[in-house]
Amino acid sequence: MTTTIQASARPGLAGRARVSAVHGFPALLSLVALVVIFGISVVNQPGILSVSGLTLMLMSAVPLVFAAQAQMLIMSVGDIDLGIGALIGLVTVIAATLLAESPLLGWGLLVAIVGVYALLGLIVQKRGVPSIIITLGMSFVWIGLGLQILPTPGGATPDWLTAIGRWRPDSVPAPLVFIVVATLIGWYLARQSRIGSRMRALGSSAPTLQKAGWSLAGTRVTAYVLAAVLIVVSGLLLASQTRSGDINSASNFTLMTIAAVILGGGTFSGGRALPIGATLGAVTLGLITVLLSLMSLSSSLQSAAQGIIVLAVLAGRIITERFTR
Amino acid sequence: MSDTALSESATAVPSTPSTAPTIVARGVTKSYGKTRALRGVDLRLEHGEILGLVGHNGAGKSTLMRMLAGIEQPDDGAVDARERRAGAAWNADSAAASGVRMVYQELALCDDLTVAENAALSDPRPTGLWGWRGRAEQRIGTALDTVFPGHGISVLRRTGELAMAERQMVEIARALCTDALSMLILDEPTESLGVDATAQLYAHLRTLTRRGVSVLLISHRMQEVLANSDRIAVMKDGTVVETFAAAATSESELLVAMGGEVRAAGADVTAPRAADLTAERGAIVATVRAASGISFEARAGELIGLAGLAGQGQEQLLNKLWGAGALSRGVTVPRRRAYVPGDRQTSGILPLWSVAENLTISAMRGISRLGIINGRAKRELAAEWIGALKVRGDAATPITALSGGNQQKVLVARAFAADAQMVLLDDPFRGVDVATKNELYALMKAEAAAGRCIVWYSTENSEMAHCDRVYVFRANRLVSELSGESNTEERIIADSFDENTGDQR
C-alpha cells in the first residue's frame, strides 16, 4: 500500500462533542423551555427546591417519560402509536385488579400485550397498513378490554408495586432516578445498540436496510416489542403512583408523547431518535401542569398552555435553524 | 491495525491461489412485465481483473449487476460463482458470504445515520454487543483513509449532511469493510467524484486486483473505462454483444458496438405538436436582476445554458425562476413554466403511476375541460411522446419498470408536453447514455425553435455547445455571457475559474 494510514482513524473527544452538539441541537430549545418553566415555578414557590418538593413536582412526569421513550422508538421507524394512552390505562387496570388477585393471569396478559405489539409491527410491515390506523383501532380494543375488567376507576395495586410508588430516598428525588433510568434505556436502545441503528435505518430509508441484508419485518417487530415493554413499565409506574386502576387515567398521553418526541427533536418521517430530547420534552409538558396549578390558573387552561409552548418551541427551532445555516 | 478491512482482505484472498473465473453468467434472461431487460447474457469475470461494462441506458447493465450480486434471480440461465458452495443457491446471502460487494449508483445510504452506523449496517462481520460502534468507526475510517487519503470526512457525521462526492466516497469505502472481498461491483462510481478522488479510487482498485479481487466497473465515462479496465464488455438490448481487450480498442469502436452515434448531434426528433405559445420569438420572457455581476435575461425561442463548476449558484437561479411569484423581487417570469428535476428518484417520478400518468401530469390544462380530464386526449398525448422519444415500454407500463434513462425521457417529455412558455432543466442528463442525450438535445433545439424558452443547467461543459447563449457561474454570481463564437468549452472552463488568481472560489 502506497498510502500511509493515519495513526488514529477515529475522531477525538473534541470532534465527538462538536458533532453531538450539532446533532442534539434540536433538543436545545426544549431544554430552554424546561429551564424557563422551572425558573418561574421556583419563583412562585421556593419550596420546590428540596428533595420532597422536586419529588412532588416531577412525579407525574415519570410514566410520561417512559411512554415518550416508547413513542420515540415507534417514531424512529417512521410509525406513530395512537393507542399508547389507552394501553397505559389498560395496564393500570390490569395492575390494580388481576395482578393483585391472580398474578399469573395478570403477568400473562401483560406478556400478551407485548405479543400483540409484535403482531402489529408485523402487519404494518407485511401488509402495508398505516400504523396510525392500526394503533388507533387497537386503542378502542384496549379501552373496551379495560372497561370490561374494571368499569369504574378503583381496585388496588399489589404491595410490591405500591412499594415502588412509595420509595422515597432522602438524598435524591425518586422521580429523577426513574427519569434518568428511562432516558438511559432509551439511549441504549435507540442510539447505542445495533438494533437501534437498524431501527433508525428503517425509518430513514427502508430499501437501504434491505440492500444491506437485514429483515425489515424483524426490525419493525423488534421496535414494536421494545416499545410495548416500555409502555407496560409506564403503566405499572402510573398505577404505583395512583394505587388504583383507571382506563382513562392516561388518555392524554397519546398526543403528549408525540409532542414530547417532536419537542425533543424527533421527526414524523422517522429516522431520528433523540432520547434525551424526548425526556426533556416529556418533563417540560409534565411541568406545565404543575406550574399552572402553582400560579393558581384554571386547570382547563392546561391543554391550551401546553399547545402554546409546543408551538413556541417548534417556531423557535425553525427560526434558530435558519440563523445557524 | 489488525482488524481493518483492507489488511484482512489482503491476507484472506490470495491464500487460495485459485484462478478460476470469479463469476460466470450463462444465458441469463429476465423480464419485468412486458419489458425484457435481459435476453440471454453470457459474461465471465476472471480472477483479479477489472471488467468494464458499458452500454446505453436500458441495455440491461443494472439488471445484470443485480443478478451477479444475487439480489435478483434470473428467469432462465445460470449464474455460477467460484465461491459458491455446491448445491447452494446464488442469492443475496450466499453472495454476501462469499465476499461480493456492490456500490450502488443511487447511493444506498441512510441519511439519518452516521457514516460509521451506515458502514456497520452493511458489514456482515460479527461484532460484540459492546464496542461495535468503536470498531465500526475504526473500520470505515481506515477504509476511507486508505482509498481516499485526505478525504476530510468525519465518521460521526450523518451522511445526509455530507456533500454528494463525500457520500459517494463513503459508499465506496463501506463496500470495502468486509472480510475476504472477492468481487466488487461498481455502478457509476465516479459520477459525483472529483478528479483527485477518481484517480485515488482507480489506484486502489489496482491494489485490490493485485490481491485477486475481481472488479466489475459500470460507467458511462468511456475514457475512464478504457484507461482502467482489463477487458470491456459492451451490452446492447439485453445481451453482451462484444468483449474487447481494453488496450486494443478505442472509444469510437465501443460507441459503434453500443449502437451509439459518434456524431455530437443529429438524431432527428420532431416535436409531436407545435406548442401553443403566446410570446413571440425574441421577446424577453424572463429576467433576474442581480446586485452585482451580469443580470439574467431569457428570450422566447432561446436555448440558454447555465455553466460553471457544480454548486456555484446555478440551482439557485433555477429555483428562483421556478418558484417566483408575485412577491419575489427582481424576478420576472412567464406564468406557465415547467421543470425537469435532476434527481429523478427523489423529486421526479411518481413511482406508483404508469408512464402515461407520469407523462401527462403537467399537461392537465391542455387535456381537461372544466376540471375533468379527457381520457382519450391523455392517452393520445402520451402515445405521441412515447413514440417521439422512443421510450421503451407502452403507456400503461408502470414507470418503475423502465430503466433510468427511459424514466428520464419521460420526465423531459412531461415538461415539454405541458404548454409551458419556459422549461427549466436541472442537470437532467446525469448518467444518461449518448444516444438518448442526442435525441433529447435535438428535441430541446426543436422546441426552442418553436418559440419556447429553455433554461438548462448542465455540469458537462461540452453540452453547452448546443445552447444559443451560455451564462457562466462563479461564487453564486453570473460572471460571463457567451454566445456564438465565444461559446467554447475552453472559454467556459476559463471563466469558471477566477482569472486573476486561478483559484476556484
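These figures come from a predicted structure and were not determined experimentally.

Caption draft 1: Summary view of the overall build of chain A. Within chain A one finds 16 helices and 0 strands. Across the 325 residues that make up chain A, the buried fraction comes to 50%. When contacts within chain A are restricted to residue pairs at least 6 apart in sequence, long-range pairs at least 24 apart make up 80% of them. Of the accessible surface of chain A, which amounts to about 14,300 Å², a share of 70% is contributed by carbon and sulfur atoms.

Caption draft 2: Spotlight on the environment of Ile399 of chain B. Following the sequence through the fold, Ile399 of chain B ends up in the loop between α14 (375-388) and α15 (404-417). A sequence separation of 11 residues divides Ile399 of chain B from Val410 of chain B, and the C-alpha atoms of the two residues are 8.7 Å apart.

Caption draft 3: Quick look at the nonpolar core. In terms of nonpolar packing, the biggest core is built from 91 residues, with Ile113 and Tyr117 of chain A touching the most fellow members. Look past the residues within four positions of Ile113 of chain A in its chain and what remains in contact with it is Leu87, Leu90, Val91, Ile94, Trp142 and Val232 of chain A. One finds Ile349, Ile386, Val391 and Ala415 of chain B within the second-largest nonpolar core, a separate group that totals 41 residues.

Caption draft 4: Fine view of the packing of aromatic side chains. Residue and element names in this part refer to chain B. All told, the structure shown has 7 aromatic pairs over all chains when counted by the stated rule. Their ring planes at 45 degrees and their centres at 5.1 Å tell us that Phe296 and Tyr471 sit as a pair that is tilted. With Phe296 in strand β11 (residues 296-299) and Tyr471 in strand β19 (residues 469-474), the pair connects residues that are 175 residues apart, well separated along the chain. Both residues of the pair, Phe296 and Tyr471, count as buried. Judged by centre distance (5.5 Å) and plane angle (25 degrees), the ring pair of Trp322 and Tyr339 falls under stacked.

Caption draft 5: Seen up close, the sheet that holds strand β17 (residues 422-426) of chain B. All names here are of chain B. The 6 strands lie next to each other as β14-β17-β18-β12-β19-β20, forming an open sheet whose pairing is mixed. At either end of the open sheet lies a strand with only one pairing partner, and these are β14 (337-340) and β20 (477-483). Sheet twist, expressed as the average angle between the axes of neighbouring strands with direction ignored, equals 20 degrees. The sheet contact formed by β19 and β20 spans 6 bridges and is antiparallel. From the neighbouring strand, Arg474 faces β20, where its bridge partner is Arg477. Most of the contacts of helix α10 (residues 314-323) go to β17, to which it runs at about 150 degrees, and overall it touches β12 (303-308), β14, β17, β18 (453-457) and β19.

Caption draft 6: Inspection of unusual backbone geometry at higher detail. Phi angles above zero are rare outside glycine, and Arg243 of chain A is one such case at about 60 degrees. Backbone geometry at Glu188 of chain B places phi at a positive 45 degrees, although glycine is not the residue there.

Caption draft 7: Highlighting the interface of chain B and chain A. Chain B puts 37 residues into the contact, and the matching count from chain A is 31 residues. Between chain B and chain A, the buried area comes to about 3,000 Å², and carbon and sulfur atoms account for 55% of it. Considering only the surface of chain B that becomes buried against chain A, Asp112, Leu121 and Arg158 of chain B emerge as the three largest contributors, covering 21% of it. Taken together, chain B and chain A are joined by 3 salt bridges. Between Glu117 of chain B and Arg200 of chain A there is a salt bridge whose closest N-O contact spans 2.7 Å. The interface formed by chain B and chain A includes 9 residue pairs in polar contact (both at pLDDT 80 or more).

Caption draft 8: Spatial organisation of the packing of helix α5 (residues 132-147) of chain B against helix α6 (residues 164-175) of chain B. Residues and elements named next belong to chain B. Axis separation between α5 and α6 bottoms out at 9 Å; the angle between their running directions is 110 degrees. Considering the angle they form, α5 stands roughly perpendicular to α6. Here the hand of the crossing between α5 and α6 comes out right-handed. Facing α5, whose interface residues are Ile140, Ala143 and Leu144, α6 presents Met169, Val170, Ala173 and Arg174. Split into classes, the residues belonging to the contact of α5 with α6 amount to 6 nonpolar, no polar and 1 charged.

What counts and what doesn't
Residues numbered from 1 in each chain as written. Chains lettered and ligands numbered in written order. Predicted model: local features only at pLDDT ≥ 70, side-chain atom pairs only at ≥ 80, totals over all residues. Heavy atoms only, no water. Helix = DSSP H or I, 4+ residues; strand = E, 2+ residues; numbered from the N terminus. Buried < 20%, exposed > 50% of the residue type's maximum accessible area, 1.4 Å probe, protein only. Contact = heavy atoms within 4.5 Å. Areas by Shrake-Rupley, 256 points an atom, 1.4 Å probe, with all protein chains shown as cover. Core = buried A, V, L, I, M, F, W, Y, C linked by side-chain atoms within 4.5 Å. Phe/Tyr/Trp six-rings, centres within 6.5 Å; stacked < 30°, edge-to-face > 60°. Pairing = 2+ DSSP bridges. Axes fitted to C-alpha atoms, helices over the stretch in contact; angles between N-to-C directions. Buried area = accessible area lost by both parts, 1.4 Å probe. Salt bridge = Lys/Arg side-chain N within 4 Å of Asp/Glu carboxyl O. Polar contact = N/O pair within 3.5 Å; in protein donor to acceptor, adjacent residues only side chain to side chain. Parallel < 35°, antiparallel > 145°, perpendicular 65-115°, else oblique. Left-handed = near helix turned anticlockwise from the far one by under 90°. Nonpolar A, V, L, I, M, F, W, Y, C, P; charged D, E, K, R; others polar.

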